Amino acid sequence: MTVNQPITAHFDPRVLLDQAHQARERAYAPYSHYKVGAALLGRSGRIYTGCNVENAVYPLSTCAERTAVVKAVSEGEREFVAIAVVTENGGTPCGACRQTLREFAEDLVILIGDATGHYRQTTLRQLLPESFSAADLAPVFPEPPCPIRHL
Ligand SMILES: [Zn+2]
């Protein structure tokens with residue numbers, strides 16, 4: 001796989017899982033000790049990795065999946081094909097991460113891996129059925145709600 005070849009549904013899951021395993025090694029998880037690595041495959045072919053980054057103020061902690069999404073979007077990528085997530089025991093993405101991924105992908109292949117190298121494949125649609133998205137806002141705000149928009 002090269003960076004400049006746009007891809008669709010065909011990718012090597014081992015590459016994505018390997019990147020997620022490597023990202024997991026960089027996790028900053030001194031409080032939970034639950035290290036997570038993620039590797040997000042953009043439609044451009046680029047892979048964006050992420051790890052969880054915890055904070056002494058617990059709510060400020062960031063998940064690996066959201067780290068990867070923020071990195072990708074901040075670098076101009078908004079369409080995604082798949083994400084690999086690796087934890088010690090094959091835990092699935094939390095609800096916040098599922099919704100964050102949904103913002104940029106109606107459906108997405110999700111590879112759930114564990115520290116031993118085993119993995120299973122699912123989809124965002126399976127993990128977040130009947131999801132809320134920008135399309136749900138359209139009937140509520142058919143036009144910009146701010147009356148000073150013409151100024
Ligand atoms: Zn999460």
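All of the points below concern the structure found in this document.

Each value, and the rule that gives it
Residues numbered from 1 in each chain as written. Predicted model: local features only at pLDDT ≥ 70, side-chain atom pairs only at ≥ 80, totals over all residues. Buried ≥ 20, exposed ≤ 12 C-beta atoms within 10 Å, placed from the backbone. Helix = DSSP H or I, 4+ residues; strand = E, 2+ residues; numbered from the N terminus. Pairing = 2+ DSSP bridges. Right-handed = clockwise from strand over helix to strand, strands pointing away. Core = buried A, V, L, I, M, F, W, Y, C linked by C-beta atoms within 7 Å. Contact = placed C-beta atoms within 7 Å. Axes fitted to C-alpha atoms, helices over the stretch in contact; angles between N-to-C directions. Expected span 1.5 Å × (residues − 1). Arc of directions from axis to C-beta.

### Concerning the pairing of strand S3 (residues 80-86)
On a regular strand, each side chain points to the face opposite its neighbour's, so the side chains alternate between the two faces of the sheet.
Part 1 of the reasoning: By the criterion of burial, S3 is predominantly enclosed, with seven of the seven residues buried.
Part 2 of the reasoning: Taken together, the six bridges between strand S1 (residues 37-42) and S3 define a ladder with antiparallel strand orientation. By the bridge assignment, Gly 42 is partnered in S3 with Phe 80.
Part 3 of the reasoning: Sheet topology note: the S3/strand S4 (residues 109-113) ladder contains five bridges and is parallel. Each bridged residue has a counterpart across the sheet, and for Ile 83 the counterpart in S4 is Ile 110.
Part 4 of the reasoning: Each parallel crossover has a hand, and for S3 linked through helix H3 (residues 95-104) to S4 it is right-handed.

### Observations regarding the nonpolar core
Part 1 of the reasoning: Ranked by size, the top nonpolar core spans 33 residues in total, and within it Ala 38, Ala 39, Leu 40, Ile 83, Ala 84 and Val 85 carry the most contacts.
Part 2 of the reasoning: Elements with a minimum of two residues in this core: helix H1 (13-25), S1, strand S2 (47-51), helix H2 (64-74), S3, H3 and S4.
Part 3 of the reasoning: Residue contacts for Leu 40: discarding those within four places in its chain leaves Ile 47, Tyr 48, Ala 68, Val 69, Ala 72, Phe 80 and Ile 83.

### Focus: the sheet that holds S3
Part 1 of the reasoning: Here we have five strands laid out as an open sheet, ordered S2-S1-S3-S4-S5, and mixed in their pairing. The strands lining the two open edges of the sheet, one partner per strand, are S2 and strand S5 (119-123). Averaged over neighbouring strand pairs, the angle between their axes works out to 20° when direction is ignored.
Part 2 of the reasoning: Note that S1 and S2 share five bridges and pair antiparallel. By the bridge assignment, Gly 37 is partnered in S2 with Cys 51.
Part 3 of the reasoning: Packing of H2 onto the sheet brings it into contact with S1, S2 and S3, and relative to S2 it is tilted by some 140°.

### As for H1
Part 1 of the reasoning: Under the 1.5 Å per step criterion, the end-to-end length of H1 is 19 Å for 13 residues, consistent within 8% with the ideal 18 Å.
Part 2 of the reasoning: Along H1, the positions that sit buried rather than exposed are Leu 16, Leu 17, Gln 19, Ala 20, Ala 23 and Arg 24. Seen end-on, H1 carries its buried residues on one side only, within an arc spanning 160°. Away from its buried face, by an angle of more than 90 degrees, H1 presents the exposed residues Arg 14 and Glu 25.
Part 3 of the reasoning: Where H1 is buried, its residues contact S1, S2, H2, S3, S4 and S5.

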